[in-house]
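Observations on chain architecture
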Amino acid sequence: MNLFADIRSLVLHALDAMVAAGDLPAGLSTDNVTAEPPRDASHGDMATNAAMVLAKPAGMKPRDIAEKLAVRLSDDPRVTSAEVAGPGFLNLRLAPAVWQNVAQTVLDSGTDYGRATLGAGKSVNVEYVSANPTGPLHVGHTRGAVFGDALASLLAFAGWDVTREYVINDGGGQIGMLARSVYLRYLEAHGKEVAFPEGTYPGDYLVPVGAALKEKVGDQYIDQPEDIWLGPIGDFATDAMMELIRDDLALLGVKMDRFFSEKSLYNTGKIEACLDKLDKMGLIYNGTLEPPKGKLPDDYEAREQTLFKSTEFGDDQDRAIKKHDGAWTYFAPDIAYHNDKVERGYDALINVFGADHGGYVKRMKAAVHALSGGTVPLDIKLTQLVKLFKNGEEFKMSKRAGNFVLLSDLIREVGKDVTRFVMLTRKNDAPLDFDFDKVTEQSRENPVFYVQYAHARVASVLRKAADAGIAVDDATLKSADLSKLDHAAELALLRKVAEWPRLVETAARSNEPHRIAFYLYELAGDLHGFWNLGNAETGLRFIQEDDPATSQAKIALARAVAIVIAAGLGILGVTPADEMR
RNA sequence: GGACCAUUAGCUCAGCUGGAUAGAGCGCUGCCCUCCGAAGGCAGAGGCCAGAGGUUCGAAUCCUCUAUGGUCCGCCA
């Protein structure tokens, strides 16, 4: 399925044969032997570094190994030439049939082409978004949501059994503030004058929640002390906020497999049990932390509290799990939450956090390492800030000014597909500029458009061909005579398509979905370039008048490109377009 | 004081986990539509891969130090 893996194993077999023939010492490690397309296509279709890697341990000259290897590889029908080059590279040229078969493979597999077995038999939990349930999602949450979702899809495509999870922070103090805010809206719904004190949430979105509460409970909470209503209203408000958030996520095309309530860890003994477990490992103690460096808070005083020995696992200092008054810090339930994930039996955990949680990474990894005995890797991906630009100027958002751009506003303005794709055109850990004007522009500068346009062009060809009476269903295309695809430009395009499975693997291995977006942009560029060749050289147009057989072979190539684009966009959560408007 | 991330063309960024002459887009220069959508394409100019050491057949990539920028640093979740 993966051509590069096939060629690599061909090389490895040849090396084994050399060992058997006494041309190479036995027992050499071939871990670093690669088979990859050379950067410069003029070097050939595939290059292996085997000779250079093995030269030293074998005590032989690289060129000697390479030449013997070349002879053996030449025996394979797929290899048309094997030349030693440079310091000891072995450049291979492959038979056109190898590339032509790629088109057939793609048509056979459809958008499943490129699915990998990297994660086969393994499960991974991807936790993302996890915004506090105190209001609708805004732009700040969007990048993490898109990134996490695309990463989850990528891993699923690479064979992992993926769980998408959202942890609801419904156990902390901010739920109390939410409840008070809703209470004020509730009073307002009863016609009372209210003022929002510092710390409460004055946003309009709580108005309907207050009204709904009135609907549900009538006037029973009016003039009642806080301890009567705080709990129930907190629950009521959290549910309402989660409904809001789910709606926002739906707009983005994000669907979670599981919502985990942090509150469910409280008063159930789960936190205590988990910390007991750590205590038995000798990782919990009472102590006093060093005062923070840099700016010292005005009211700082050294206090003794319960600490977790995260320094044992590389953290800079130990971390508090209990406040001075004995209440849990946020870290405590979070440890228990991750313990729960470990106990659910995942083979790997991934958390997607905003960059402002960078300081949290080490302690969380420390906790998971301790809880799983080092058996469950936790990867934490941080997403950097998104800067919005409108009319050429940066649009600053601030909590105080309350001028957040809501996720729903963003979608309304530019759409789900644009939002998702653009958010994935940067590495997760690099800041991202989101320019409202650019992202809706129809030009090469706008990668979303450019990729969509390539897909639409193929769809257009299919329509035109059908109009001309040429059968272009995939079943027919599959049986086309692909040996007609013998032009260098056609083979080059097939090579690019053939890279897809390999790209999926590397992207999945590094948890970097942005690589998909970049590859699609390149593939689209190659298609556009190829398309234009047809201007000067009519023999390269997809539709050849009066020659349905050739047309079908060429259209099969176009379809293969479109299928890969569709598969890639599928991972990114973007709908491929059949025509541009 | 410390941690994490970044530093690649005038600008915005990739760089396939160590490979051959470092790549795109924008901008600049010059070209290509009786032609499946020119909403495109081709070509040219433009680089001390922040700096200095190290690791090895080989470094933009790995390690150390330095510089600059960003994020963060008590029991807030």
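See above for the structure.
The rules we used
- Position numbers for residues count from 1 along each chain, tracking the sequence in the order it is written.
- By the order in which they are written, chains take letters starting at A while ligands take numbers starting at 1.
- With pLDDT at 70 or above as the cut-off, local features in this predicted model cover only qualifying residues; side-chain atom pairs require 80 or more to be listed or tallied, and sums for whole chains, interfaces and linings still use all residues.
- With hydrogens and water set aside, each side-chain value is computed from the structure's full complement of heavy atoms.
- Near is defined per residue: the residue qualifies when any heavy atom it owns lies within 4 Å of the molecule or strand.
- Pairs of N or O atoms within 3.5 Å make up the polar contacts considered here, provided that, within protein, one atom can donate a hydrogen while the other can accept it, and that residues adjacent in sequence are counted only when both atoms are side-chain atoms.
- Helix and strand labels come from DSSP, where a helix needs a run of H or I of at least four residues and a strand needs a run of E of at least two; each type is numbered from the N terminus.
- Residue polarity follows a fixed list, in which Ala, Val, Leu, Ile, Met, Phe, Trp, Tyr, Cys and Pro are nonpolar, Asp, Glu, Lys and Arg are charged, and the others, Gly among them, are polar.
- When DSSP finds at least two bridges between two strands, those strands are taken to pair.
- Relative accessibility decides the category of a residue: with a 1.4 Å probe and only protein chains considered, values under 20% of the type maximum give buried, values over 50% give exposed, and everything between is partly exposed.
- Whether two residues are in contact is decided by their heavy atoms, any of which lying within 4.5 Å being enough.
- Take the residue count of a helix, subtract one, and multiply by 1.5 Å to get its expected span.
- Arc definition: directions from the helix axis to the C-beta atoms.
- Just to be clear on terms, a salt bridge is a Lys or Arg side-chain nitrogen sitting within 4 Å of an Asp or Glu carboxyl oxygen.
- Throughout, an axis means a line fitted to C-alpha atoms (over the contacting stretch in the case of helices), and angles, computed between N-to-C directions, take values from 0 to 180 degrees.

A word on the protein's contact with RNA strand B
Within the structure, RNA strand B sits among 65 residues, and Asp299, Arg303, Gln442, Tyr450 and Ser460 are positioned closest to it. A distance of 3.0 Å separates a base oxygen of RNA strand B from a polar side-chain atom of Arg502. Met580 is positioned with one of its backbone polar atoms (N or O) 3.1 Å from a base oxygen of RNA strand B. Only α2 (50–58), β4 (89–94), α6 (173–189), α15 (447–467), α18 (500–509) and α19 (514–536) provide two or more residues apiece to the surface near RNA strand B. With nine residues, the single largest contributor to the surface near RNA strand B is α19. Looking at side-chain class alone, the surface near RNA strand B contains 21 nonpolar, 22 polar and 22 charged residues.

Let's talk about the sheet that holds strand β1 (residues 35–36)
Spatially, the four strands line up as an open sheet ordered β1-β2-β4-β3, and their pairing is antiparallel. Looking at strand neighbours, the two that pair on one side only are β1 and β3 (79–85), the edges of this open sheet. Bridging between β1 and strand β2 (residues 46–48) involves two bridges; their strand directions are antiparallel. Bridging across to β2, Glu36 finds its partner in Ala47.

Overview of the side chain of Thr550
You can see Thr550 is positioned in helix α20 (residues 548–572). Assessed through its relative accessible area of 13%, Thr550 is described here as buried. Here Asp547 takes part through its side chain, which lies 2.6 Å from a polar atom of the side chain of Thr550. When near neighbours in sequence (up to four residues on either side) are disregarded, Thr550 contacts Lys484 and Gln544.

Let's talk about helix α1 (residues 3–20)
In this model, α1 (18 residues) spans 26 Å end to end at C-alpha, consistent with the 26 Å of a helix rising 1.5 Å per residue. Within α1, burial applies to Leu3, Phe4, Ile7, Leu10, Val11, Ala14, Leu15 and Met18. Burial along α1 is one-sided: seen end-on, the buried residues are contained in an arc of 135°. Of the exposed residues in α1, the ones pointing more than 90 degrees away from its buried face are His13 and Ala20. Phi turns positive one or two residues past the end of α1, at Gly22, with a value near 80°.

Here's the deal with the pattern of salt bridges
Scanning the entire structure with this criterion turns up 27 salt bridges. Salt-bridge contacts for Asp23 lead to Arg72; the nearest nitrogen and oxygen are separated by 3.8 Å. Of this pair, Asp23 sits in the loop between α1 and β1 while Arg72 sits in helix α3 (residues 62–74), placing them 49 residues apart in sequence. Residue Arg72 is classed as partly exposed on the basis of its relative accessible area of 30%. Note that Arg559 is salt-bridged to Asp474, the shortest N-O span being 2.8 Å. Taken together, the residues Arg559 in helix α20 and Asp474 in helix α16 (residues 474–478) connect sequence positions 85 residues apart. Owing to a relative accessible area of 24%, Asp474 belongs among the partly exposed residues under this scheme. Residues joined in a network through salt bridges with shared partners are Asp149, Arg164 and Arg420.

Concerning the sheet that holds strand β15 (residues 432–435)
Taken together, the three strands give an open sheet; going across it, the order is β14-β13-β15, and neighbouring strands pair in mixed fashion. With partners counted over all chains shown, the strands left at the sheet margins are β14 (393–395) and β15, one partner each. Neighbour-to-neighbour, the strand axes of the sheet open up by a mean angle of 40°, direction not taken into account. Relative to β14, strand β13 (residues 386–390) is paired through three bridges, and the arrangement is antiparallel. When the bridges of β14 are listed, Phe389 appears paired with Glu394. Docked against the sheet, helix α13 (residues 416–423) engages β13 and β15, running at close to 155° with respect to β15.

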